[in-house]
Amino acid sequence: MATTKIMVVRHAEKPIEGAAGVEVDGTADAESLIVRGWQRAGALAVLFDPSRGELQDPSLATPACLYSAKFDASKHSKRPYETLVPLAAKLDLTIDDSYKKDDYATMLQDAASCDGVVLIAWQHDDIPSIGNILMGNETSVPQSWPGDRFDMVWVFDAQEGGGYTFTQVPQLLLAGDLSTPIGG
């Protein structure tokens with residue numbers, strides 16, 4: 001069995017003026033999620049692995065493999081990894097964070113070898129490039145991810161003859177989440 005679906009989310013909310021980042025234990029940390037980000041991370045655990053009932057959208061699936069960008073104190077944040085922590089704990093999975101932010105092409109090669117469904121949490125600037133690699137072109141996915149959007153799942157379904165189809169699924173998890181797709 002090979003990868004059947006790759007889902008990509010932007011890391012959850014980051015520090016802004018008036019909202020500092022905190023580690024899971026509450027310690028202040030500028031490279032961590034803000035409280036709203038931790039709320040989203042917890043809600044993502046239920047979005048991808050509902051405790052009761054079905055997944056909220058038929059395009060979503062429970063992941064078997066998790067990937068996030070590697071933390072590098074000199075230029076990268078902990079947020080992609082932290083975004084997946086609650087889901088990893090719920091599913092008893094390890095998050096593969098061995099790839100640096102700019103090494104998403106190599107990460108995708110590894111992810112494509114996973115059995116079943118893959119979930120990736122990454123920085124928003126690189127998600128369109130991830131989509132371009134998966135789709136094999138620069139026209140199938142929006143070419144920018146808005147800086148204020150933390151509320152979308154990009155879903156890439158593997159096709160029998162090769163390649164992927166692309167769908168956007170609004171998370172609709174927290175107050176203020178939008179139902180409109182990115183670029184739409």
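Below is a short write-up of the structure. Along each chain, numbering runs from 1 in the same order as the chain's sequence is written. Given that this is a predicted model, residues contribute local features only at a pLDDT of at least 70 and side-chain atom pairs are listed and counted only at 80 or more, while totals for whole chains, interfaces and linings are drawn from all residues. Calculation of side-chain values draws on the structure's entire complement of heavy atoms; hydrogens and water are dropped beforehand.

### Some remarks on the overall build of the protein chain
Only DSSP runs of H or I with at least four residues qualify as helices, and only runs of E with at least two residues qualify as strands; both kinds are numbered from the N terminus onward. Summing up its helical and strand segments, the protein chain has 4 helices and 6 strands in all. Counting helices and strands in the order they occur from the N terminus, the protein chain gives β-α-β-α-β-α-β-α-β-β. Relative to a compact globule of 184 residues, whose C-alpha radius of gyration would be 16 Å, the protein chain shows 15 Å and is just as compact. Across its three principal directions, the C-alpha atoms of the protein chain cover 50 × 40 × 35 Å. Of all 184 residues assigned to the protein chain, the portion counted as buried reaches 49%. Whether two residues are in contact is decided by their heavy atoms, any of which lying within 4.5 Å being enough. Long-range contacts, defined here as pairs at least 24 residues apart, represent 65% of the contacts in the protein chain between residues at least 6 apart. With residues, only the protein chains shown are counted as cover, and all accessible areas are computed by Shrake-Rupley using a 1.4 Å probe. As displayed, the protein chain has an accessible area near 8,600 Å², and 50% of this comes from carbon and sulfur atoms. In the protein chain, which carries 14 positive and 26 negative side-chain charges, the distance between the mean positions of the two groups comes to 4 Å. C-alpha atoms define the radius of gyration, and 2.2 Å times the number of residues to the power 0.38 defines the globule rule. Think of it in three bands: with a 1.4 Å probe and only protein chains considered, a residue is buried below 20% of the maximum accessible area for its type, exposed above 50%, and partly exposed in between. His is not counted, nor are the chain ends, whereas Lys and Arg count as positive and Asp and Glu as negative. All charge positions are set by atom: Lys at NZ, Arg at CZ, Asp at CG, Glu at CD.

### Details of the pairing of strand β6 (residues 164-170)
Every regular strand shows the same layout, with side chains that alternate between the two sheet faces. Two strands make a pair as long as DSSP finds a minimum of two bridges between them. In this sheet, β6 lies alongside strand β5 (residues 152-158) in antiparallel orientation, the contact comprising 7 bridges. Counted as the bridge partner of alanine 158 is tyrosine 164 from β6. Hairpin connection from β5 to β6: 5 residues lie between these consecutive antiparallel strands, with glycine 162 at a positive phi of about 110°.

### A closer look at the nonpolar core
Grouped together as the largest cluster of nonpolar side chains are 25 residues, with contacts concentrated most on Tyr67, Met107, Ile120, Trp122, Trp154 and Phe156. The set of elements that each furnish at least two residues to this core consists of β1 (3-10), β2 (65-69), α3 (104-111), β4 (116-122), α4 (127-135) and β5. If we ignore the near neighbours within four places in the chain, the residues touching tyrosine 67 are Leu84, Ile95, Asp96, Tyr99, Met107, Asp110, Ala111, Cys114, Val118, Leu119, Ile120 and Ala121. Only buried Ala, Val, Leu, Ile, Met, Phe, Trp, Tyr and Cys residues count toward a nonpolar core, and they belong to the same one when joined by side-chain atoms within 4.5 Å. Within the second largest apolar cluster, 19 residues are counted, among which are Leu44, Ala45, Leu60 and Leu66.

### Topic: the sheet that holds β4
Reading across from one edge, β3-β2-β4-β1-β5-β6 is the order of the 6 strands in this open sheet, with mixed pairing throughout. Each of the sheet's edge strands pairs with one partner strand only, and the pair in question is β3 (95-99) and β6. For this sheet, the mean inter-axis angle between neighbouring strands, taken without regard to orientation, is 25°. As paired elements, β1 and β5 share 5 bridges and run antiparallel to each other. When the bridges of β5 are listed, valine 8 appears paired with tryptophan 154. Fitting a line to C-alpha atoms yields each axis, with helices limited to the stretch in contact; the angle taken between N-to-C directions then spans 0 to 180 degrees.

### Re helix α1 (residues 35-48)
One fewer than the residue count of a helix, multiplied by 1.5 Å, yields its expected span. Under the 1.5 Å per step criterion, the end-to-end length of α1 is 20 Å for 14 residues, consistent within 8% with the ideal 20 Å. Listed in full, the buried residues belonging to α1 are Gly37, Trp38, Arg40, Ala41, Ala43, Leu44, Ala45, Leu47 and Phe48.

### Observations concerning the side chain of lysine 5
Structurally, lysine 5 can be placed in strand β1. Throughout this description, a polar contact denotes any pair of N or O atoms lying within 3.5 Å of each other; where both atoms belong to protein, one of them has to be capable of donating a hydrogen while the other can accept it, and for residues adjacent in sequence the pair is counted only when both atoms sit in side chains. At 2.7 Å, the side chain of lysine 5 and the backbone oxygen of serine 59 are in polar contact. Of the polar contacts made by the side chain of lysine 5, one reaches the side chain of aspartate 157; its length is 2.5 Å. Those residues within four positions of lysine 5 in sequence are excluded, and the remaining contacts are Ser59, Ala61, Gly116, Val117, Val118, Val155, Phe156 and Asp157.

### Concerning the packing of aromatic side chains
Any two of the Phe, Tyr and Trp rings considered here, Trp counted by its six-membered ring, make a pair once their centres fall within 6.5 Å; the pair's planes then place it as stacked at under 30 degrees, edge-to-face at over 60, or tilted in between. Inspection of every chain in the model, using the stated rule, returns 3 aromatic pairs. Ring geometry for tryptophan 145 against tryptophan 154: centres 5.0 Å apart, planes inclined by 45°, an arrangement best described as tilted. Each of the two residues, tryptophan 145 as well as tryptophan 154, counts as buried. When the centroid spacing of 5.2 Å and the interplanar angle of 35° are considered together, the rings of phenylalanine 156 and phenylalanine 166 count as tilted.

Note that all results are geometric; they support no functional claim without further evidence.
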